[in-house]
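A look at the structure
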Amino acid sequence: MINFWRIVRNSWKNFYRNLWLSVATLFMMFTALAVVGGLFLFDASLNTFVAGLQDKVDVSVYFKQDAVEKDILAVKSQLENRNDVKEVRYVSQDDALDVFTNRHENNSVLLDSLNELDTNPLQASINIKVHDPDQFVTVVEFLENSSSANLVDSINFRENEKVISSISQISDNVTRAGFIFTIILGVLVVFVTFNTIRLAIYTARDEIHIMKLVGGSNWFVRTPFVVTGALYGLLSGLLVIGAFFGATRFAHSRLSLIFADIDLYGYLIQNTWTFVALIIGSGIAIGMTSSWMAVRRYLRI
């Protein structure tokens, strides 16, 4: 325990001895960990946003005018039995007419023209939603090659294909870009911490020499510098955690007015320990890794 407290004391001494450089290191590490935390929240927000878009995207299958309702319901039943289909909603000709009439209730010319027709010109349809937009292709191919294909007049999948494909690519592209940016920033943090520890080793060279003369072991001399790096990560992580909880709580009421489905503060509360472990763990890992590299490189004892 005596050696432990000596290591802690020496680590703190290394921290405040080069205070301005330590502050610069904390700032860099704070920035890097803030990016990690931002990506954590952004990924959650993006997943919620994309899930909302995916829930709104569907494919409509329009049936020929002479298609019998019993046959259409049979197609609906086949689709509902598929594992990749999330929801199937049948819209009859009468339902389609009611929707069309309500939507254009202020257009008297259009409604009068519709009333002059002897039959309902609108088609019965089935609206299909899937669990993953990529699964629309297999569902459409199933319909086009099924025994009921002769009942189908048109499928609007080809018109929506680009939109569906874009939604699927949003999450992957943003996550990939954020990951690359985090790695670049992490390398910069390691470089700054590396040089901070190098300067701390140079400043404490006389103390290191004295410790070796009185019998200090290699690990006793080296460990305080590694613990100093961990201290940078711990302090930066605590600052980031406090900043994120404060910022998301402050912005909660304002963001909810714009993005009703996205609750960053609530998400942080629900995933507090995951977020804390991610930020603190990343900070300590970066600090200790860069410090150990500096110790191995410059502290030759």
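Up top is the structure these notes are about.
One structure accompanies this document, and this report is about it. (Residues numbered from 1 in each chain as written. Predicted model: local features only at pLDDT ≥ 70, side-chain atom pairs only at ≥ 80, totals over all residues. Heavy atoms only, no water.)

**Points about the nonpolar core**
Let me state the cut-off plainly: Side-chain atoms within 4.5 Å are what join buried Ala, Val, Leu, Ile, Met, Phe, Trp, Tyr and Cys residues into a set we call a nonpolar core. Only protein chains enter the accessibility calculation, which uses a 1.4 Å probe; a residue whose area is less than 20% of its type maximum is buried, one above 50% is exposed, and one in between is partly exposed. Here a strand is any run of E in DSSP of at least two residues, a helix any run of H or I of at least four, and the numbering for each starts at the N terminus.
One finds F63, L79, I126, I128 and I155 to be the most contacted residues of the largest nonpolar core, which totals 23 residues. When residues of this core are traced back to their parent elements, those giving at least two are β1 (59-63), α3 (69-80), β2 (85-91), β3 (125-130), α6 (136-145) and β4 (152-155). At four residues, the largest contribution of residues to this core is made by α6. Listed in part, the 21 residues of the second largest apolar core include M29, A32, F40 and L268.

**With respect to the pattern of salt bridges**
As a reminder of what qualifies: Here a salt bridge means any side-chain nitrogen of Lys or Arg lying within 4 Å of a carboxyl oxygen belonging to Asp or Glu.
Evaluation of the coordinates by the stated rule reveals two salt bridges. Across the salt bridge formed by K76 and E80, the nearest N and O atoms sit 2.6 Å from each other. You can see K76 and its partner E80 sitting in helix α3, four residues apart, about one turn around the helix. By relative accessible area, K76 is classed as buried at 18%. Across the salt bridge formed by D84 and R82, the nearest N and O atoms sit 2.8 Å from each other. By relative accessible area, which is 12% here, D84 ends up buried.

**Remarks on the sheet that holds β1**
Rules: For two strands to pair, DSSP has to find at least two bridges joining them. All axes here are fitted lines through C-alpha atoms, helices being fitted over the stretch that makes contact, and every angle between N-to-C directions spans 0 to 180 degrees. Contacts were defined at the residue level, with two residues in contact if any of their heavy atoms lie within 4.5 Å.
The four strands are arranged β2-β3-β1-β4 in an open sheet whose pairing can be described as antiparallel. Edge positions in the open sheet fall to β2 and β4, since each of these has one partner strand only. Averaged over all adjacent pairs, the angle separating strand axes in this sheet is 20°, with direction ignored. Note that β1 and β4 share three bridges and pair antiparallel. Opposite F63, over in β4, you have V152 as the bridge partner. Docked against the sheet, α3 engages β1, β2 and β3, running at close to 170° with respect to β2. Where α6 meets the sheet, it contacts β1, β2, β3 and β4, and its direction lies at approximately 145° from that of β3.

**Regarding the packing of aromatic side chains**
Aromatic ring pairs: the centre-centre distance and the angle between the two ring planes describe each pair. Rules: Each Phe, Tyr or Trp ring, with Trp reduced to its six-membered ring, pairs with another whose centre is within 6.5 Å; inter-plane angles below 30 degrees give stacked pairs, above 60 give edge-to-face pairs, and intermediate values give tilted ones.
This model, assessed by the stated rule, comprises four aromatic pairs. The interplanar angle of 45° and the centroid separation of 5.7 Å between the aromatic rings of F40 and Y267 together place this pair among those described as tilted. Residue F40 is located in helix α2 (residues 19-56), and its partner Y267 is located in helix α10 (residues 264-270); the two are separated by 227 residues in the primary sequence. Accessibility expressed as a relative area gives 28% for Y267, which makes it partly exposed. Taking 6.2 Å as the distance between ring centres and 80° as the angle between the ring planes, the aromatic pair formed by F245 and F275 counts as edge-to-face. You can see F245 sitting in helix α9 (residues 218-258) and its partner F275 sitting in helix α11 (residues 272-298), a full 30 residues away along the chain. With a relative accessible area of 17%, F245 lands in the buried category. By the ring-pair criterion, three or more aromatic residues cluster together here, those being F40, F244, F245, Y267 and F275.

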